[in-house]
Amino acid sequence: MEIIERVAALDIGKAEVVCCVRVPDESRSGRGAGRGQHVRTFATMTRSLTDLSDWLTGLRVTRVVMEATSDYWKPPFYLLEAAGFDVWLVNAHEVKHLPGRPKTDALDAVWPCKIAERQMIRASFVPPAPIRQLRDLTRYRIDLIGDRGREKNRVEKLPEDAGIKLSVVASDLFGVSGRAMMDALIAGERDPDILADLARTRLRARIPELREALTGHFTDHHGFLLSQMLRHVDHLDGRIAAVEAQIEDHIRPYADTVARLDQIPGIGPAAAGMTIAEIGIDMTRFPTAAHLASWAKFSPTVKESAGKTKGSAATGRGNRYLARALGEAAVGASRTNTFLGERYRRVARRRGKQRALVAIGRSILTVIWHLLSDPDATFNDLGADHYDNRGSTQRGLRRHVNALHALGFTVTITPTG
């Protein structure tokens, strides 16, 4: 086993960082030379982290490992990375302290340092700075969209308290007609006839239903709450637009990559940008497509003992933002007349819709890996009839016979020639 000669580990808290360094014991030489261990505590302020960096430099440390603790790992990680250290962010599960032993902040730094020097842990994926900035923006956009969705749900529920059933007739409360009616309610209009006459385009055909739905007990109290909610929705719309403009600026250097990923069924420019933000464009971090699928938790976990497979073959929890993008892409691809669409339908018949979506998500991720790994690679859809064309005659016979058996028929095969 190769030992990392000079290694450090950090136990990071909100206010303090405990650092353990293991280096050769220079006070001893020869065959009996051992390892020297140094433990120091630093504040998490930038000046103290700079002192930490200088101390590690003086000890000629080459690798620094730290546990992914909330967002507290980011300041020391970025500062040490800029100082030229080989910084590893590691999964907390892999450096968990052994049960039954004393636990202190110092020991929490010593244990990762010992297993790091023996190379018994793996580094987590941390993308380069430009991708990190893009990731911050795309994730913030998702959070803002979630906030807007929750506020819109409040808007939909509020009129129910007043007996207003506008959402029953109008499918989109925030369309031109729905917004005009809500603005009129806020302004003090209570006449159902006048409110219903604000309908536009196709909704005018349902004016009688609108009159019935807009008859209720809407008060000034409801109007105040509704006005605040709509102002909040408008404010969120503006923030989302501003963030999307920033995303466009940050994604511009990757425009060619976005265009190539956009060829995949189900993947649009937004999903392509989100995928790039989560996995980057350098696939050397993932030796094969299977490594990427395993990291993203789009492959079943392996649990085997005594020759028996255990567990439910669940994939586990991975990057939820990437899973969201791939899930939406899989739903879009499932509705197309393409190879991915046909693959979804085949898997769904045997394993159910949820498993089929995971399978399509993995297939999309595999295609993405190949496109990013080879700049000259292009996407080529195999077609919805791929399975039929590649299948042998006997396989086709078995498939059709089994289908007829499932319907309750007995089949006898007689060649025509």
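In what follows, the structure referred to is the one given above.
The paragraphs below set out a description of the structure included in this document. Nothing here was measured: the structure is a model prediction, and the numbers come from that model.

1. Observations concerning the overall build of the chain
Within the chain, the regular secondary structure consists of 17 helices and 7 strands. In terms of overall dimensions, the chain is more spread out than a globule: its C-alpha atoms have a radius of gyration of 30 Å, far above the 22 Å expected for 417 residues. Dimensions along the principal axes, computed over C-alpha positions, put the chain at roughly 95 × 80 × 45 Å. Taken over 417 residues, the chain has a buried fraction of 37%. By sequence separation, contacts in the chain at least 24 residues apart represent 62% of the contacts at least 6 residues apart. Counting only carbon and sulfur atoms, one obtains 51% of the accessible surface of the chain, whose full area is about 24200 Å². Within the chain, the 49 negative side-chain charges are centred at a point lying 9 Å from the centre of the 60 positive side-chain charges.

2. A closer look at the sheet that holds strand β2 (residues 16–24)
Within the open sheet, the 5 strands sit side by side as β3-β2-β1-β4-β5. Their pairing is mixed. Each having just a single partner strand, β3 (35–43) and β5 (86–90) make up the two edges of the open sheet. Sheet twist, expressed as the mean angle between neighbouring strand axes with direction ignored, is 20 degrees. Relative to strand β4 (residues 63–67), strand β1 (residues 7–12) runs parallel, the two being bridged by 4 bridges. Note on β4: the bridge partner recorded for Val7 is Arg63.

3. Some points on the packing of aromatic side chains
Applying the stated criterion to the full structure yields 7 aromatic pairs. Each ring, one from Trp73 and one from Tyr78, has its centre 6.1 Å from the other, and the planes form 70 degrees; the classification is edge-to-face. Taking 5.4 Å as the distance between ring centres and 50 degrees as the angle between the ring planes, the aromatic pair formed by Phe286 and Trp295 counts as tilted. The class of Phe286 is buried, set by a relative accessible area of 3%. Look at Trp295 and you get partly exposed, because its relative accessible area is 27%. Taken together, the ring pairs in this structure connect Trp73, Phe77 and Tyr78 into an aromatic cluster. Sitting above the plane of the Phe174 ring, Lys152 keeps its charged end 4.8 Å from the centroid. A cation over a ring is seen here: Arg285 above Phe286, with NZ or CZ 6.0 Å from the ring centre.

4. Some thoughts on unusual backbone geometry
In this model, Gln119 sits at a positive phi of 55 degrees, which is unusual for a non-glycine residue. On the secondary structure map, Gln119 appears in the loop between α3 (105–117) and α4 (129–161). Non-glycine residue Lys297 carries a positive phi angle of around 60 degrees. Among the secondary structure elements, Lys297 is positioned in the loop between α12 (289–295) and β6 (304–305). Take Lys297: its relative accessible area is 33%, and that puts it in the partly exposed class.

5. Considering the pairing of β4
For β4, the tally of buried residues reaches 4 of 5 residues, placing the bulk of the element in the interior. For the handedness criterion, the β-α-β arrangement of β4, helix α2 (residues 74–82) and β5 is classed as right-handed.

6. Describing the nonpolar core
By size, the foremost hydrophobic cluster in this structure holds 47 residues, and its most contacted members are Leu261, Ile264, Ile267, Ile276, Ile364 and Ile368. For this core, the secondary structure elements donating two or more residues are α4, α9 (220–251), α10 (255–261), α11 (269–279), α12, α13 (320–334), α14 (339–351) and α15 (353–373). The element best represented in this core is α15, accounting for 9 residues. Among residues more than four places away in sequence, those in contact with Ile276 are Ile131, Leu134, Ile251, Tyr254, Thr257, Val258, Leu261 and Ile281. Membership of the second largest hydrophobic core comes to 24 residues, among which are Ala184, Leu203, Ile207 and Leu214.

7. Quick look at the packing of α14 against α15
At a minimum axis distance of 7 Å, the contact between α14 and α15 shows a crossing angle of 145 degrees. As for the relative orientation of α14 and α15, their crossing is right-handed in sense. Mapping the contact onto sequence places Leu340, Arg343, Tyr344, Val347, Ala348 and Arg351 in α14 and Lys353, Arg355, Ala356, Leu357, Ala359, Ile360, Ser363 and Ile364 in α15. Tallied by class, residues from the contact of α14 with α15 come to 9 nonpolar, 1 polar and 4 charged.

8. Thoughts on the environment of Arg200
Following the sequence through the fold, Arg200 ends up in the loop between α7 (192–196) and α8 (207–213). A relative accessible area of 40% places Arg200 in the partly exposed class. Along the primary structure Arg200 and Ala68 are separated by 132 residues, whereas in three dimensions their C-alpha atoms are 53 Å apart. Each residue touching Arg200, except ones within four places of it in the same chain, is listed here: Val176 and Ser177.

9. Things to note about α15
For an α-helix the count is 3.6 residues per turn, leaving residues at separations of three or four pointing the same way. Its 21 residues give α15 an end-to-end C-alpha distance of 30 Å, which sits within 8% of 30 Å, the value for a rise of 1.5 Å per residue. Residues of α15 that are buried include every one of Ala356, Ala359, Ile360, Gly361, Ser363, Ile364, Leu365, Ile368, Trp369, Leu371 and Leu372, and no others. Lining the buried residues of α15 we find α10, α11, α12, α13 and α14.

10. Regarding a nonpolar patch on the surface
Together, Leu404, Leu407 and Phe409 make up an exposed nonpolar region whose accessible area comes to about 320 Å². Inspection of the secondary structure assignment puts Phe409 in the segment after α17 (393–406). When its relative accessible area of 51% is taken as the criterion, Phe409 is described as exposed.

What counts, and at which threshold
- The residue numbers shown here count from 1 along each chain, following its written sequence.
- At least 70 in pLDDT is required for a residue's local features to be given in this predicted model, at least 80 for side-chain atom pairs to be given and counted, and no such filter applies to totals for whole chains, interfaces and linings, which use all residues.
- Excluded from the side-chain calculations are hydrogens and water; all other atoms, namely the structure's heavy atoms, are used.
- Each helix corresponds to a stretch of at least 4 residues labelled H or I by DSSP, and each strand to a stretch of at least 2 residues labelled E; elements are numbered beginning at the N terminus.
- Only the C-alpha atoms count toward the radius of gyration. The rule for a globule is 2.2 Å times the residue count to the power 0.38.
- Relative accessibility thresholds used throughout: buried, under 20% of the residue-type maximum; exposed, over 50%; partly exposed, between the two (1.4 Å probe, protein chains only).
- Here, residues are in contact when the closest pair of their heavy atoms is within 4.5 Å.
- Each accessible area is a Shrake-Rupley estimate made with a 1.4 Å probe; only the visible protein chains count as cover when residues are assessed.
- Only four residue types enter the charge count: Lys and Arg as positive, Asp and Glu as negative, with His and the chain ends excluded.
- Lys charges are placed at NZ, Arg charges at CZ, Asp charges at CG and Glu charges at CD.
- One requirement defines pairing of two strands: DSSP has to find at least two bridges between them.
- Whenever a helix is involved, its axis is fitted only over the stretch in contact; in every case the axis is a line through C-alpha atoms, and angles between N-to-C directions fall within 0 to 180 degrees.
- In this scheme Phe, Tyr and Trp rings, the latter by its six-membered ring, pair at centre separations within 6.5 Å, and the angle between planes marks the pair as stacked below 30 degrees, edge-to-face above 60, and tilted otherwise.
- The rule is short: NZ of Lys or CZ of Arg within 6 Å of the ring centre and within 35 degrees of the ring normal puts a charge over the ring.
- When the strands point away from the viewer, a crossover counts as right-handed if the route from the first strand across the helix to the second turns clockwise.
- Think of a nonpolar core as a cluster: buried Ala, Val, Leu, Ile, Met, Phe, Trp, Tyr and Cys residues, connected wherever their side-chain atoms sit within 4.5 Å.
- In a left-handed crossing the near helix is turned counterclockwise from the far helix by less than a right angle, and in a right-handed crossing that turn is clockwise.
- Residue classes follow a fixed rule: Ala, Val, Leu, Ile, Met, Phe, Trp, Tyr, Cys and Pro count as nonpolar, while Asp, Glu, Lys and Arg count as charged, and any other residue, Gly among them, counts as polar.
- A helix is expected to reach a length of 1.5 Å times the quantity of its residues less one.
- Each patch is built from residues lacking any salt bridge and having more than 30% relative accessible area; the joining distance is 9 Å for like charges and 5 Å for nonpolar side chains (Val, Leu, Ile, Met, Phe, Trp, Tyr).
- When a carboxyl oxygen of Asp or Glu is within 4 Å of a side-chain nitrogen of Lys or Arg, the pair counts as a salt bridge.

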